[in-house]
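# Structural overview for review
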Amino acid sequence: MSARPSPTATPPEALRAAPSITTAPATTAPVSAAPDARISLRAHVRHTGALVRRNLLWIRQDPESMFDALLMPIVFTLLFVYVFGGSIGQALGGGQDGYVQYVIPGMIAMMSMTLSQGVGTGFSQDFNSGVMDRFRSLPIGRGSVLFAKIAVEMARMLFATTVLMIVAVLVGFDINHWAGLFAAVGLSAVFASSIMWVFLTLGVVLKNAQSVQAMGFMVLFPLQFGSSIFAPTQSMPGWLQSFTDYNPLSTLADAARGLMVGGPVAHDLWITLGWAAVITAVMAPIAIHKFRTKS
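A short tour of the structure in this document, coming up. (Residues numbered from 1 in each chain as written. Predicted model: local features only at pLDDT ≥ 70, side-chain atom pairs only at ≥ 80, totals over all residues. Heavy atoms only, no water.)

Each helix and strand in the protein was counted, giving 12 helices and zero strands. Expressed as a percentage of its 295 residues, the buried residues of the protein come to 45%. Long-range contacts, defined as pairs at least 24 residues apart, comprise 78% of the intrachain contacts of the protein with a sequence gap of at least 6. Surface summary for the protein: the accessible area is close to 15,700 Å², and the carbon and sulfur share equals 66%. (Helix = DSSP H or I, 4+ residues; strand = E, 2+ residues; numbered from the N terminus. Buried < 20%, exposed > 50% of the residue type's maximum accessible area, 1.4 Å probe, protein only. Contact = heavy atoms within 4.5 Å. Areas by Shrake-Rupley, 256 points an atom, 1.4 Å probe, with all protein chains shown as cover.)

Shown next, in the form of structure tokens:
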């Protein structure tokens, strides 16, 4: 028979009298440290939805974070239409009204690129504030954090595009192809989702949000103005035209222009989709790996 502790035994005596009772420090690792493969797809979707709700509630608590999505399309539309529209429109042969039809599809492409860097700055802020440490201690898939950020930034981009189209109609843009408009917005969203992986990587690698913004500016500025977004490329120097031929923002702007206003679409459409596929295939694994291994 096994020894039985007496009711009056002190705790150390009781432990010695009952060898079957052992104490050991807990060595169970946090559930979040387990590979994402152990979390079902349904759970990933549920976690992503919860984190999307968390990010939307954060925007609700900090409405100033939406100022760029609200004001940028208004300021840029009024600036380029009323400051540059007359001179560039004359070069196009249609005056200011012709320039409105030219620049608005290009600005949809610009919105997809400019607002994409918000995912990197927000990611960096979450790291520096300790929020990411909290996420890592929770039993959620690591990928859910990334996809939730992308989903919310996509919503911000669609909001900015809606504001842009409202202002565009007010300054004289004619929507003749509604299906083409939705197709152009969808194409911009696909391209934006690929660019967000670049800024997610920057948000993980760089130390703070200011560094992400500075690096983003260095990437965005030449791509936006060295393209066909704001002006035709025929008058540019030969070396710059060679750059714009390979600039994905040029093909995105030209594809959106063809879909919304009319003109050739297929060539620019397939090149833009090819760029989006290549950028995603290269940068998504890098972003996920850097996020998993960041200390």
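Each aromatic ring pair is specified by the distance between its two centres and by the angle formed by the two planes. Going through the model one piece at a time under the given rule, you end up with 12 aromatic pairs. When the ring of Phe-123 is compared with that of Phe-127, the centres are 5.5 Å apart and the planes differ by 85 degrees; the resulting orientation is edge-to-face. Here Phe-123 and its partner Phe-127 are both found in helix α5 (residues 118-129), four residues apart, which amounts to about one turn of the helix. Accessibility classification places Phe-123 together with Phe-127 in one group, the buried group. Ring geometry for Phe-217 and Phe-221: centres 5.3 Å apart, planes at 35 degrees, overall tilted. Of this pair, Phe-217 and Phe-221 both sit in helix α9 (residues 209-225), four residues apart, which is roughly one turn of the helix. (Phe/Tyr/Trp six-rings, centres within 6.5 Å; stacked < 30°, edge-to-face > 60°.)

Moving on, we get to the side chain of Thr-48. Within the secondary structure, Thr-48 is located in helix α2 (residues 41-61). With sequence-adjacent residues up to four places away left out, Thr-48 is seen in contact with Ser-144, Phe-147 and Ala-148.

Another point: the environment of Ala-266. Mapped onto the elements, Ala-266 comes out in helix α12 (residues 266-293). Owing to a relative accessible area of 47%, Ala-266 belongs among the partly exposed residues under this scheme. Remark: the alpha-carbon pair of Ala-266 and Ala-255, spanning 11 residues in sequence, is separated by 7.6 Å.

The end-to-end C-alpha separation of helix α3 (residues 67-92) is 33 Å, well short of the 38 Å expected for 26 residues at 1.5 Å each. The principal kink in α3, of about 70 degrees, is found at Gly-85. Of all the residues in α3, the buried ones are Ala-69, Met-72, Pro-73, Thr-77, Phe-80, Val-81, Gly-85, Ile-88 and Gly-89. Structurally, α3 contributes buried residues whose contacts are with α4 (95-114), α7 (142-170) and α9. Remark: Gly-93 follows α3 within two positions and exhibits a positive phi of approximately 90 degrees. (Expected span 1.5 Å × (residues − 1). Bend = angle between axes of the 7 residues up to and from the residue.)

Next up on the list: the packing of α7 against helix α8 (residues 178-205). At a closest axis distance of 10 Å, the pairing of α7 and α8 adopts a crossing angle of 140 degrees. Between α7 and α8, the angle is such that the two are oblique. Of the two possible hands of crossing, α7 and α8 adopt the one that is right-handed. Facing α7, whose interface residues are Leu-146, Phe-147, Ile-150, Glu-153, Met-154, Met-157, Leu-158, Thr-161 and Met-165, α8 presents Leu-181, Val-185, Ser-188, Ala-189, Ala-192, Ser-193, Met-196, Trp-197 and Leu-200. Partitioned by chemical class, the residues of the contact of α7 with α8 number 14 nonpolar, three polar and one charged. (Axes fitted to C-alpha atoms, helices over the stretch in contact; angles between N-to-C directions. Parallel < 35°, antiparallel > 145°, perpendicular 65-115°, else oblique. Left-handed = near helix turned anticlockwise from the far one by under 90°. Nonpolar A, V, L, I, M, F, W, Y, C, P; charged D, E, K, R; others polar.)

Okay, the pattern of salt bridges next. This structure, assessed with the given rule, holds five salt bridges. Between Arg-54 and Asp-126 there is a salt bridge whose closest N-O contact spans 3.7 Å. Here the residue Arg-54 occupies a position in helix α2, and Asp-126 occupies one in helix α5, the gap between them amounting to 72 residues. The buried category is assigned to Asp-126, whose relative accessible area is 8%. A salt bridge links Asp-254 to Arg-257; the nearest nitrogen and oxygen atoms lie 2.9 Å apart. Here Asp-254 and its partner Arg-257 are both found in helix α11 (residues 248-260), three residues apart, which amounts to about one turn of the helix. A relative accessible area of 26% means that Asp-254 is categorised as partly exposed. What makes Arg-257 buried here is its relative accessible area of 10%. Sharing partners across several salt bridges, the network here consists of Arg-54, Asp-126 and Lys-149. (Salt bridge = Lys/Arg side-chain N within 4 Å of Asp/Glu carboxyl O.)

Taken together, the side chains of Met-215, Phe-217, Met-218, Val-219, Phe-221 and Phe-225 make up a nonpolar region of the molecular surface, amounting to roughly 580 Å² of accessible area. Inspection of the secondary structure puts Met-218 in helix α9. (Patch = residues over 30% accessible without salt bridge, like charges linked within 9 Å, V, L, I, M, F, W, Y side chains within 5 Å.)

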